[in-house]
Amino acid sequence: MPIFSIAQKYKATEIKRFEHEAGSVTIIRDNWGVPHIYGKTDADAVFGLMYTQCEDNFKGIEQNYLYQLGRQSEVDGEKNLYTDVQLQLIADTADAIKDYKNAAPWFKKLMDAFADGVNYYLYKHPEIKPAVFQHFEPWYALMFTDGSVSATVTGGINLNETRSFYGKDNEKLGAVYKPSDDEREMGSNGFAIAPSRSASGHALLYINPHVPFYFRSEVQMVSEEGLNVYGAVTWGQFFVYQGFNQHCGWMHTSSNADVGDLYAEKMTKKDGQWFYEYNGALKPVITRKLTMNIKRGEAMEHKTITGYYTHHGPVLGSRDGKWLSLKANNRSYNALLESWLITKANTFGEYKKAMNLLSNATNNTVYADDKGNIAFWYGNFMPKRDPNLDWRLPVDGSTPSTEWQGLHQLDEIVHVYNPATGWIENCNSTPFTSSGKDSPDKNKYPAYMAPDGQNYRAINAIKLLNNTKNLTLDELIAKGYDHYLAAFDVLLPPLFKAYNAAPDSVKQLLTQPIQILQQWDRNTVANSIASTLAIEWGTLMMRELPSAKTSEEATYQTERVNQMLQTISDKRLLSALSEALNNLKKHYGTWEVKWGDINRYQRPADGVTFSDNEPSLPVGLTSSAFGQLPSFVSRTMNTTKRYGYSGNSFIAAVEFGARIKAKTIITGGQSFNPASKHYTDQAGMYIEGKFKDVLFYKTDVLKHAEKTYHPGA
């Protein structure tokens, strides 16, 4: 079937509704291009939010929904087919439509406004040609209820396992696949400071997600129904994911809490029908037809795949002759409701009431408010299970003894409320060191609640916060941008010891680089040769780590590095340094290269084509893998130099009190238009950690207004 685009024809009643909604919304773009959206109702603010998101990055919105609805293959072809299969197995659009129809009237208005804001933009901008979605539906919002980068829980199943199971040989019961260690950026930092530790006597909050660059926008939403929230919105969602209102603020870090489980199902086939064993009987496998549209050149291929389900959930793969079904909470009405209600919470009690919906499956929360409360929850949705079982691995699906036993209540999950130490940190690390001596007691919680270990970012954060007194907002920002690489406190001493014990023939080749590393203060800066040497050598050292058996094991960074250093030979420590020197010589002609000369920030017009011949900025940051609190993940992009693509994105520092005082920075700039002055106007500040003042109050917004308009005007 040929691919062609048909402009959506909107009904007169729709257009009239759009225009009425637009007339109730005022958008003020400030001097940084940040949209401040004012509406009479919450629904008006949602309508305006979605319209501004489309103005800034409609492509990003559509990409997110292509993913969430399992329809990427309609644009990208075969390469994303089995990601689409996974997503369609995990989240059924029919369930979302049912939830929308049964939604509370006030909440349905928000979802209607969400769709109307996007559709009005498409109506007013016929030059925009969507790749797939000619018309957005209100229930789409119920397919994307969590603003995380990795919002979908798969229980540890690997995409290749799904591909093997649902590919050409989808009855390959004995398939064995060994997943490789997860190499994605593991980031995000959240800090809360109690009044006893701050200079102003008010609570402070630091919001620092590490995500692919330009993944979220910075906005403010205000209505006459009590909404007044500022922060980061993930493209295509109608709630502020990380941010603050006039009374409280929240930072979500990605959680490694075990909230999804794989069940190993014992299968039998009789008369062409699949059955699985459960409680001594055979139960029929449920099937559902998945319709996949796959782009093939200029045509679209239609493919139907039979999806299999047990009462535990969708079958995503198989191991050792058993099918693996997933039980999780990836999509629910309450998850979206909770995401909205926290933005309107004005007290600690109201925030906890919203979280008592117990539906956020992938986030930790660091919290602070204007009454001086600080808090931390490790997760939110937490099933009760038999603590004697190892839930990191597939459990026996044939017995009722492995079933979930309801949910843990909010105060039962790992949490910290107003610790005496006066500070909280979470860096995707164990919660049992989150507040120093007032951290939760690991022995009081089942292992599945918090299975992750320690990392060097958390070690650095604890050191910086432990003795903090009279902390100002600017000092909090400086700590959040601390350049110290804590991993090298552990990595370098064995290298120096190996060097001292080496024969003179080896020492002669490495004398100068070793001296440079010995004199290095372990902070990265743009004009530092030592930074380049350490990062190149340290990267090779991290590759020496044995593959983690589970995703939880991969989080034990400090322990895994210590184990590696106990077994690695002196010869390998030194040969890796020689290898690093040779790599630098090969790429740059010399190993004496300053970090900022090869580590660059650039924002190409198309978002992907980096060039050494185009302007770029030196960056003294690096990946958070070595314990640096800010993160700037870079690599070569068919270039000689390295360019950043992930790490620090939207960042905020907030001081609560009678009036909100806040500062933010965003990667590059607010606009996605290369011709706009807001395309890279924050780039230099972002690199240096120099934040802009937030214009939270309308009187201040008006003083710095660049453009004031209604949607569509």
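Residues numbered from 1 in each chain as written. Predicted model: local features only at pLDDT ≥ 70, side-chain atom pairs only at ≥ 80, totals over all residues. Heavy atoms only, no water.

Caption draft 1: Representation of the overall build of the protein within the structure. Within the protein one finds 20 helices and 30 strands. For 713 residues, the compact-globule formula gives about 27 Å, and the C-alpha radius of gyration of the protein, at 26 Å, lands near that figure. Once the C-alpha set of the protein is aligned to its principal axes, its extents read approximately 80 × 75 × 55 Å. The buried share of the protein, taken over its 713 residues, is 60%. A separation threshold of at least 6 residues defines the contact pool for the protein, and within that pool the share at least 24 residues apart is 70%. Summing over all exposed atoms, the protein offers an accessible surface of approximately 28400 Å²; the carbon and sulfur share of this is 49%. Computed over 74 positive and 77 negative side-chain charges, the inter-centroid distance for the protein is 1 Å. (Helix = DSSP H or I, 4+ residues; strand = E, 2+ residues; numbered from the N terminus. Rg over C-alpha atoms; globule rule 2.2 N^0.38 Å. Buried < 20%, exposed > 50% of the residue type's maximum accessible area, 1.4 Å probe, protein only. Contact = heavy atoms within 4.5 Å. Areas by Shrake-Rupley, 256 points an atom, 1.4 Å probe, with all protein chains shown as cover. Lys, Arg positive; Asp, Glu negative; His and termini not counted. Charge placed at Lys NZ, Arg CZ, Asp CG, Glu CD.)

Caption draft 2: The arrangement of the sheet that holds strand β3 (residues 189-193) in detail. Across the sheet, which stays open at both edges, the six strands sit in the order β22-β3-β4-β27-β28-β29 with antiparallel pairing between neighbours. The outermost strands of the open sheet, each flanked by one partner alone, are β22 (423-426) and β29 (692-693). When strand β28 (residues 661-665) meets β29, the two strands line up antiparallel, connected through two bridges. Each bridged residue has a counterpart across the sheet, and for K663 the counterpart in β29 is D693. (Pairing = 2+ DSSP bridges.)

Caption draft 3: The arrangement of the confidence of the model for the protein in detail. Averaged over every residue, the pLDDT of the protein is 94; residues scoring 70 or more account for 96%. This stretch, residues 1-7, has a pLDDT under 50; its non-local contacts, to residues over four places away or in other chains, come to 13 contacts. Predicted confidence for residues 170-185 stays below pLDDT 50, and this span has 36 contacts to residues more than four positions away or in other chains. (pLDDT = per-residue confidence, 0-100.)

Caption draft 4: Just unusual backbone geometry, in detail. If you check the backbone angles, D271 has positive phi at about 55° while not being a glycine. With respect to the element layout, D271 can be found in the loop between β11 (267-270) and β12 (273-278). Look at D271 and you get exposed, because its relative accessible area is 85%. Phi at N279 takes a positive value of approximately 55°, unusual for a residue other than glycine.

Caption draft 5: Structural detail: helix α12 (residues 488-501). The end-to-end C-alpha distance of α12 is 20 Å, a good match for the 20 Å that 14 residues give at a rise of 1.5 Å each. Those residues of α12 that fall on the buried side of the exposure criterion are F488, L491, L492, L495, F496, A498 and Y499. Buried residues of α12, viewed axially, fall in a sector of 160°; they line one side. Opposite its buried face, α12 presents the exposed residues K497, N500 and A501, each directed more than 90 degrees away. Buried residues in α12 make contact with α13 (504-519), α14 (529-542), α16 (557-567) and α17 (570-588). (Expected span 1.5 Å × (residues − 1). Arc of directions from axis to C-beta.)

Caption draft 6: Layout of the environment of G689. Tracing the sequence through the fold places G689 in the loop between α19 (683-688) and β29. Judged by relative accessible area, which is 12%, G689 ranks as buried. A sequence separation of 210 residues divides G689 from K479, and the C-alpha atoms of the two residues are 10.0 Å apart. Apart from residues lying up to four places away in sequence, G689 is in contact with I477 and Y481.

Caption draft 7: Quick peek at the sheet that holds strand β1 (residues 25-30). A sheet is described by the order of its strands in space; here 10 strands give the open sequence β21-β19-β18-β9-β8-β7-β6-β2-β1-β30, paired in mixed fashion. Each having just a single partner strand, β21 (415-417) and β30 (705-709) make up the two edges of the open sheet. In this sheet, neighbouring strand axes are inclined to one another by 15° on average, regardless of whether the strands run parallel or antiparallel. The sheet contact formed by strand β7 (residues 228-234) and strand β8 (residues 242-245) spans four bridges and is antiparallel. Following the sheet pairing, Y230 is matched in β8 by F244. (Axes fitted to C-alpha atoms, helices over the stretch in contact; angles between N-to-C directions.)

Caption draft 8: Examining the packing of α13 against α17 more closely. Where α13 contacts α17, the axes come no closer than 11 Å and their chain directions differ by 80°. When the axis of α13 is compared with that of α17, the two are roughly perpendicular. Residues V506, L510, P513, I514 and L517 of α13 pack against L574, L577, S578 and L581 of α17. (Parallel < 35°, antiparallel > 145°, perpendicular 65-115°, else oblique.)

Caption draft 9: The arrangement of the pairing of strand β10 (residues 261-265) in detail. Here β10 lies mainly inside the structure; five of its five residues are buried. Burial of β10 is two-sided: the residues D261, Y263 and E265 facing one way and the residues L262 and A264 facing the other way are all buried. Direction of pairing for β10 relative to strand β17 (residues 322-327): antiparallel, over a ladder of five bridges. Across the sheet, D261 pairs through a bridge with K327, a residue of β17.

Caption draft 10: Looking closely at the nonpolar core. The biggest cluster of nonpolar side chains holds 115 residues, and the ones touching the most others in it are M111 and F238. The element contributing the most residues to this core is helix α2 (residues 42-68), with 12 residues. Ignoring sequence-local partners within four residues, the contact set of M111 consists of Y100, A103, P138, A141, L142, F238, Y333 and L336. (Core = buried A, V, L, I, M, F, W, Y, C linked by side-chain atoms within 4.5 Å.)

Caption draft 11: Inspection of the packing of aromatic side chains at higher detail. Tallied over the entire structure, the rule returns 52 aromatic pairs. Ring centres 5.9 Å apart and planes at 20° place the aromatic pair Y351 and W377 in the stacked group. Of this pair, Y351 sits in helix α9 (residues 348-355) while W377 sits in strand β19 (residues 374-377), and the two are 26 residues apart along the sequence. Residue class for W377 comes out buried when judged on its relative accessible area of 0%. Summarising the aromatic geometry, the rings of Y601 and Y686 are spaced 6.3 Å apart at their centres and angled 55° between planes, so their arrangement reads as tilted. Placement of the pair is Y601 in strand β23 (residues 599-601) and Y686 in helix α19, with a sequence separation of 85 residues. In this structure, Y601 and Y686 share a single accessibility class: buried. Geometry around F672 places R603 over its ring, the cationic atom sitting 4.9 Å from the centre. In this arrangement the basic side chain of K707 is found over the ring face of Y709, its NZ or CZ atom lying 4.5 Å from the centre. (Phe/Tyr/Trp six-rings, centres within 6.5 Å; stacked < 30°, edge-to-face > 60°. Lys NZ or Arg CZ within 6 Å of the ring centre and 35° of its normal.)

Caption draft 12: Summary view of the environment of K322. Examined against the element boundaries, K322 turns out to sit in strand β17. With 74 residues separating them in the primary sequence, K322 and D396 have C-alpha atoms 9.8 Å apart.

Caption draft 13: Molecular detail of the pattern of salt bridges. A complete count under the given rule lists 23 salt bridges for this structure. Here D116 makes a salt bridge to R17, at a shortest N to O gap of 2.8 Å. With D116 in helix α6 (residues 105-124) and R17 in helix α1 (residues 12-23), this pair connects stretches of sequence that are 99 residues apart. The class for R17 is partly exposed, based on a relative accessible area of 37%. Of the charged contacts in the structure, one is a salt bridge between K344 and D42, with a shortest N-O distance of 2.7 Å. In this pair, K344 sits in the loop between α8 (333-341) and α9 while D42 sits in helix α2, placing the two residues 302 residues apart along the sequence. (Salt bridge = Lys/Arg side-chain N within 4 Å of Asp/Glu carboxyl O.)

Caption draft 14: The side chain of R522, seen in detail. Along the chain, R522 turns up in the loop between α13 and α14. Residue R522 is classed as buried on the basis of its relative accessible area of 18%. Separated by 2.8 Å, the side chains of R522 and D489 make a polar contact. (Polar contact = N/O pair within 3.5 Å; in protein donor to acceptor, adjacent residues only side chain to side chain.)

Caption draft 15: Focus on the side chain of K352. One can find K352 in helix α9. The residues touching K352, leaving out its near neighbours within four places in the chain, are W377, L410, D411 and Y417.

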